[in-house]
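As a plain string of letters, each chain reads:
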Amino acid sequence: MGEHLEAAQGRMERAAELIGLDDEIVAHLQHPIETLAVSVGLRRDDGSTVPLKAWRCRYNSSLGPTKGGIRFHQSVHLDEVETLAFLMTMKCALMGLPFGGGKGGVEVDAHDLSTMEKERLARGYVRAMAKILGPDRDVPAPDVATGEREMAWMVSEYSEIAGSIQPHAFTGKPVALGGMAGRTPATGRGGHIALEAMRDLAGLDEDGGLTIALQGFGNVGRWFAKAAANAGHSIVAVADSSGTITNADGIDIESLAEVKAQEGKVTAFEDCEASDEPADILGTQCDVLVLAALGGVIADADDARQLNCKAIVEIANRPILPAADKALADAGIEVVPDILANGGGVTVSHAEWVQGRQGIDWDEEDVADYLEDRMGDAADNVREVMQECDTDMRTAAYAVALRRLCAAISAHGTRADFGKS
Ligand code: GLU
């Protein structure tokens, strides 16, 4: 087992012990049901071909078809894909969705690719993985450096291979291809709903505006910031890969979004102090630090000791590694964990999948209500376990997920290979 997966499972084991879960259930969740590793030959625009490493992991399907994004990033590797698929298993269970967990990725720097190259890669990935994909088997979605456009190419390739139109084989598609109005903002908006639902338990004042430092101003960070600013919170610092900008009086998010869209970097925004060090955001004095960029940004106790916040919201997947957990707890910094804080994305993906099966479009208001309700229920369940077991938010979130997984795994009975069909 990879080191990241093993470390992530330590958190699950802590929760399992707390609620007295059967060892067999924990053992059942220790390995993925299947991971396909392939080499995708990418034809470059100059006619040459490069082989790229790619993976798709279906971690566990006890609750339903596996579900999770596909990322294009130079740091993608097998252990990371399996760890993220494990997290999706916990996330879908916590959110009460009829999905198992999956994840995919290609080891490539998406900034190096032209639009045509991205299209060939998206289609090549689907051809290589088609045998384990499908609307009732494994349903991908956007992730790091993939979005509506990649999902459109992928669903079109999949339908070609399947010989039938299957819009619900992928989520996060453009509305024109059966996508869901509200899917793109869903992860960021859901992060804000989670923050509001848990602010008292995160040690924050229950009323009034909070000061927020935000790492990441891509799709997810931007939508979180809009929702938080509309609710009266003050975004006092924002970082992207170009650096960190700070303004103690609050940053105007709409104007910042325009500058980022035009110039490609937050440091081009005036009216702020700017540094070219993205990591400066971590030491910003604020009520809440929101991590909406990549994984592993708080990797250990030393990283944790630099922080100057009361609480953290993890909107990226695994921005805090388990090695930092104890130092954060010692410092009294409560964490709204990724499987709750970014559960809004897969929740609206579920609505999109249902829409594809039904063949009837949902309206935007119903999508927003569905997101609010699911996030609210998950937050209430976590709150109950925190109080019942006197534990931290992450452990409680894992406990809620494990209870649901346990019921499904037990109900499946002894057919150990039910995940594969
Ligand atoms: N990539 C997103 C996540 O990590 C969305 C997954 C999905 O919608 O299936 O939660």
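Residues numbered from 1 in each chain as written. Predicted model: local features only at pLDDT ≥ 70, side-chain atom pairs only at ≥ 80, totals over all residues. Heavy atoms only, no water.

*Asks:* Give me the lowdown on the sheet that holds strand E5 (residues 138-142), citing residues and values where you can.
*Replies:* What the five strands build is an open sheet, ordered E1-E2-E4-E3-E5; its pairing is mixed. A strand with exactly one partner marks an edge of an open sheet, and here the two such strands are strand E1 (34-43) and E5. Going across the sheet, the axis of each strand differs from the next one's by a mean of 25°, ignoring polarity. Here strand E3 (residues 66-73) runs beside strand E4 (residues 100-107); their pairing, made up of six bridges, is parallel. Its bridge partner lying in E4, His-73 is registered against Glu-107. (Pairing = 2+ DSSP bridges. Helix = DSSP H or I, 4+ residues; strand = E, 2+ residues; numbered from the N terminus. Axes fitted to C-alpha atoms, helices over the stretch in contact; angles between N-to-C directions.)

*Asks:* Before we move on, can you summarise the confidence of the model for the chain with the specific residues and values?
*Replies:* Of the residues in the chain, 98% have a pLDDT of 70 or more, and the chain-wide mean is 95. Throughout residues 417-421 the model reports pLDDT below 50, and contacts reaching past four residues in sequence, or to other chains, amount to eleven contacts. (pLDDT = per-residue confidence, 0-100. Contact = heavy atoms within 4.5 Å.)

*Asks:* Quick rundown of the side chain of Asp-287? Include the residues and the values.
*Replies:* Among the secondary structure elements, Asp-287 is positioned in the loop between strand E9 (273-275) and strand E10 (288-291). Here the side chain of Asp-287 touches Thr-211 through a polar contact of 2.9 Å, landing on its backbone nitrogen. Side chain to side chain, Asp-287 and Lys-310 meet in a polar contact 2.9 Å long. Those residues in contact with Asp-287, other than ones at most four positions away along the chain, are Leu-204, Leu-210, Thr-211, Cys-309, Lys-310 and Ala-311. (Polar contact = N/O pair within 3.5 Å; in protein donor to acceptor, adjacent residues only side chain to side chain.)

*Asks:* Explain the nonpolar core residue by residue, including any values.
*Replies:* Counting 92 residues, the largest nonpolar core has Met-90, Leu-94, Leu-214, Phe-217, Val-238, Val-382 and Leu-402 as its most contacted members. A per-element tally of this core places helix H14 (residues 393-412) first, with twelve residues. Dropping the residues within four chain positions of it, Phe-217 is found in contact with Arg-222, Ala-225, Val-238, Ala-239, Ile-253, Leu-256, Ala-257, Lys-260 and Val-266. Residues Ala-54, Leu-121, Tyr-125 and Trp-153 belong to the second largest nonpolar core, which totals 26 residues. (Core = buried A, V, L, I, M, F, W, Y, C linked by side-chain atoms within 4.5 Å. Buried < 20%, exposed > 50% of the residue type's maximum accessible area, 1.4 Å probe, protein only.)

*Asks:* Now, about the packing of aromatic side chains: what can you tell me, with residues and values included?
*Replies:* Under the definition given, this model contains four aromatic pairs. Look at Tyr-59 and Phe-86: their rings are 5.5 Å apart centre to centre, the planes differ by 70°, and that puts the pair in the edge-to-face class. Of this pair, Tyr-59 sits in strand E2 (residues 49-60) while Phe-86 sits in helix H3 (residues 78-94), and the two are 27 residues apart along the sequence. The class for Phe-86 is buried, based on a relative accessible area of 0%. (Phe/Tyr/Trp six-rings, centres within 6.5 Å; stacked < 30°, edge-to-face > 60°.)

*Asks:* Give a description of the site of the ligand that names residues and reports values.
*Replies:* As a structural note, the neighbourhood of the ligand is formed by 14 residues, with Lys-67, Lys-91, Pro-142, Asp-143 and Ser-349 the closest of them. The separation between an oxygen atom of the ligand and a polar side-chain atom of Lys-91 is 2.6 Å. At 2.9 Å from a nitrogen atom of the ligand is found a main-chain nitrogen or oxygen belonging to Pro-142. Across the complex, the protein chains shield 94% of the 290 Å² of accessible surface that the ligand would expose by itself. Elements with a minimum of two residues in the shell around the ligand: E3, H3, E5 and helix H12 (343-358). Of the residues contributing to the shell around the ligand, the split by class is four nonpolar, five polar and five charged. (Near = heavy atom within 4 Å. Areas by Shrake-Rupley, 256 points an atom, 1.4 Å probe, with all protein chains shown as cover. Nonpolar A, V, L, I, M, F, W, Y, C, P; charged D, E, K, R; others polar.)

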